[in-house]
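# Secondary and tertiary structure notes
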Amino acid sequence: MSDNRQWAREAIRIIEADFQRSADTHLIPLPLPGFAGIELYFKDESSHPTGSLKHRLARSLFLYALCNGWLKPGAPVIEASSGSTAISEAYFARMLGLPFIAVMPATTSKEKIAQIAFYGGQSHLVQDPTQIYAESERLAREHGGHFIDQFTYAERATDWRANNNIAESIFQQMRFEKHPEPTWLISSPGTGGTTATLGRYVRYRQHCTRVLCADAERSVFFDFYQTGDASLRLDCGSRIEGIGRPRVEASFLPKVIDAMVKVPDALSLAAMHYLAQRLGRHVGGSSGTNLIGALMAAQQMKAAGQSGSIVAILCDGGERYADTYYDQNWLKAQGYELGDLIAAVAASAERGEALPTSVLRANI
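Starting afresh in each chain, residues are numbered from 1 along the sequence in its written order. Residue-level local features of this predicted model are given only where pLDDT is at least 70; pairs of side-chain atoms are given and counted only at 80 or more, and the full residue set underlies all totals for whole chains, interfaces and linings. Derived side-chain values reflect all non-hydrogen atoms in the structure, with water molecules and hydrogen atoms excluded from consideration.

## Some words on the nonpolar core
Side chains of nonpolar character tend, in soluble globular proteins, to be buried together. Counting 48 residues, the largest nonpolar core has Leu 40, Leu 291, Ile 292 and Ile 310 as its most contacted members. Helix numbering and strand numbering both begin at the N terminus, where a helix is a DSSP run of H or I of at least 4 residues and a strand a DSSP run of E of at least 2. When residues of this core are traced back to their parent elements, those giving at least two are strand E2 (38-44), strand E7 (184-187), strand E8 (210-216), strand E9 (259-263), helix H10 (265-279), helix H11 (285-303), strand E10 (308-314) and helix H13 (339-351). The criterion used for residue contact is that any of the two residues' heavy atoms lie within 4.5 Å. Residues contacting Leu 40, with those up to four places away along its chain left out, are Ile 28, Pro 29, Leu 30, Leu 32, Leu 291, Ala 294, Ile 310 and Ala 312. Grouping buried Ala, Val, Leu, Ile, Met, Phe, Trp, Tyr and Cys residues that are joined through side-chain atoms within 4.5 Å yields what is termed a nonpolar core. Only protein chains enter the area calculation, which uses a 1.4 Å probe; residues under 20% of their type maximum are buried, those over 50% are exposed, and those in between are partly exposed. Phe 62, Phe 92, Ala 93 and Ile 116 belong to the second largest nonpolar core, which has 30 residues in total.

Written out as structure tokens, the structure reads:
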């Protein structure tokens, strides 16, 4: 057995041992008084060792790269990210003794940059967020490293039938609930890998569950879902860190999604603040986006006279956004006045009132 093969074998053992030491993430019920007979749960991915949903993805990407023979002892791993995936990948890179470089937009929160540094990674910041791919490829060439490329490989690296599968975990945890088979699963798209996993799994297991994808304002995914035009581009990045992309990514698979909504950033942030109030702790902006998706699904079920359950993803904690989304001065500087929108989210969740659909785009 070659030295590199032996090293990869040991690396895989180390990652698998780390997985065995980790418990699964929690499923948290969130009552919706405005929707009688409809139960909402949040799959709390913030309880992973690196604090976000991206921990699952990073683990899968490293295993995929190792099994494909792409990683080598001492050679750096490079990733294009808005922060959370890079944090998780830095964790696994340190575990394997590999240098790690995160290529990220210059607007990435300083808390995320600090966490990457905590795990021994470097942050390479670029002013133009659309250039993170090209910069990652350049750095990989120059340093003789591997661009792990979450946006291409997320849906391939994750085994949607078993092994580190969030969908399987959700259905196991729902077994003893009043409505064990969810009517809807809700996830926002970053790479598209989570929605691909959810959509494939419910088909594979022959569930009637539908998948709703809640997109960010500055993102092309919703428009691609509507038009099928893979050439769509934006010249700016998403303001909701971790989700939304300026181009159509290879891991976004629209045919396994049953419905989409496009949520304005202000409404996502308002929902984030409302959810934080209800849970008694801070959550990230993408969790607010997912709450809006869940409320849209609940409105659809209520109109159809349905009862049942909805499971949405709580992607990460809010500690990473203390100086942005939870800073009133920052919000004002960005032009966000959230008071009325927070009240609208509360009215929807607690009294079943319609969301301000004049600012929403939906295909549900």
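## Some details on the UniProt feature "modified residue: N6-(pyridoxal phosphate)lysine" (unreviewed entry) in the protein
UniProt positions are given in the numbering used here, feature names are shortened, and annotations may be inferred rather than shown by experiment. Here, UniProt's "modified residue: N6-(pyridoxal phosphate)lysine" (unreviewed entry) annotation points to Lys 54. Mapped onto the fold, Lys 54 is located in helix H2 (residues 54-67). Under the relative-accessibility criterion, Lys 54 is labelled buried at 12%. In contact with Lys 54, not counting residues within four places along its chain, are Ser 84, Thr 85, Ser 88, Gln 150, Gly 190, Thr 191 and Gly 242.

## Considerations on unusual backbone geometry
Positive phi, normally seen in glycine, also occurs at Asp 149, with a value near 55 degrees. Here Asp 149 shows up in the loop between strand E6 (146-147) and helix H6 (150-157). Positive phi values are uncommon outside glycine, yet Gln 206 reaches one of about 60 degrees. Turning to its location among the elements, Gln 206 is positioned in the loop between helix H8 (193-204) and E8. You can call Gln 206 exposed: its relative accessible area is 69%.

## Overview of the sheet that holds E8
When DSSP finds two or more bridges between two strands, those strands count as paired. The seven strands lie next to each other as E1-E2-E10-E7-E8-E9-E11, forming an open sheet whose pairing is mixed. Whereas interior strands pair on both sides, the edge strands pair on one side only; in this sheet they are strand E1 (26-29) and strand E11 (361-363). Direction aside, the axes of adjacent strands within the sheet are offset by 20 degrees on average. Here E7 pairs with E8 via four bridges, running parallel. Each residue of the ladder has a partner; that of Leu 185, found in E8, is Val 211. All axes are obtained by fitting lines to C-alpha atoms, using only the stretch in contact for helices, and the reported angles, taken between N-to-C directions, cover 0 to 180 degrees. In the packing of H8 onto the sheet, the strands contacted are E7 and E8, and the crossing angle to E7 comes to about 165 degrees. Packing of H11 onto the sheet brings it into contact with E2, E7, E8, E9, E10 and E11, and relative to E10 it is tilted by some 165 degrees.

## Digging into the packing of aromatic side chains
Two numbers describe a pair of aromatic rings. These are the distance of the centres and the angle of the planes. Stacked, tilted and edge-to-face are the three classes assigned to paired rings of Phe, Tyr and Trp, where Trp is represented by its six-membered ring and a pair needs centres within 6.5 Å; plane angles under 30 degrees give stacked, over 60 edge-to-face, the rest tilted. Considering all chains together, one arrives at 15 aromatic pairs under this definition. Ring geometry for Tyr 64 versus Trp 70: centroids 5.7 Å apart, planes at 80 degrees, classification edge-to-face. By definition, being over a ring means that NZ of Lys or CZ of Arg is both within 6 Å of the ring centre and within 35 degrees of the ring normal. Sitting over the ring of Phe 19, Arg 59 keeps its end group 4.0 Å from the ring centre. Over the aromatic face of Phe 118 sits the side chain of Arg 94, whose NZ or CZ is 5.7 Å from the ring centroid.

## Regarding the packing of H2 against H6
In a packed pair of helices, the relevant descriptors are the angle between the two axes and the axis-to-axis distance. Put simply, H2 and H6 touch, their axes get as near as 9 Å, and they point 85 degrees apart. For the element pair H2 / H6, the angle class is roughly perpendicular. Together, Lys 54, Leu 57, Ser 60, Leu 61 and Tyr 64 of H2 and Gln 150, Tyr 153, Ala 154, Arg 156 and Ala 157 of H6 make up the contact between the two elements. Residue composition of the contact of H2 with H6, grouped by class: six nonpolar, two polar and two charged. By definition in this entry, angles of less than 35 degrees are roughly parallel, angles greater than 145 are roughly antiparallel, angles of 65 to 115 are roughly perpendicular, and the rest are oblique. Residues are sorted three ways: Asp, Glu, Lys and Arg are charged, Ala, Val, Leu, Ile, Met, Phe, Trp, Tyr, Cys and Pro are nonpolar, and all the rest, Gly among them, are polar.

## Things to note about the environment of Glu 137
Mapped onto the fold, Glu 137 is located in helix H5 (residues 132-143). On the accessibility criterion, Glu 137 (40% relative accessible area) is partly exposed. Between the C-alpha atom of Glu 137 and that of Glu 79, which follows or precedes it by 58 residues, the distance is 9.0 Å.

## Overview of the pairing of strand E3 (residues 77-80)
Across the two faces of E3 the burial is the same, with Val 77 and Glu 79 and Ile 78 and Ala 80 all buried. Of the crossover connections in this fold, the one passing from E3 over helix H3 (residues 84-96) to the parallel strand E4 (residues 100-105) is right-handed. The pairing of E3 with E6 spans two bridges and is parallel. Along E6, the bridge assignment pairs Ile 78 with Phe 147. Crossovers are marked right-handed if the path from the first strand over the helix to the second runs clockwise, as seen with the strands pointing away from the viewer.

## A word on the pattern of salt bridges
By convention in these notes, a salt bridge is any Lys or Arg side-chain nitrogen within 4 Å of a carboxyl oxygen on Asp or Glu. Within this structure, the stated rule accounts for 22 salt bridges. Across the salt bridge formed by Arg 21 and Asp 18, the nearest N and O atoms sit 3.4 Å from each other. Taken together, the positions of Arg 21 and Asp 18, both in helix H1 (residues 3-21) and three residues apart, correspond to about one turn of that helix. Using a relative accessible area of 62% as the deciding quantity, one classes Arg 21 as exposed.

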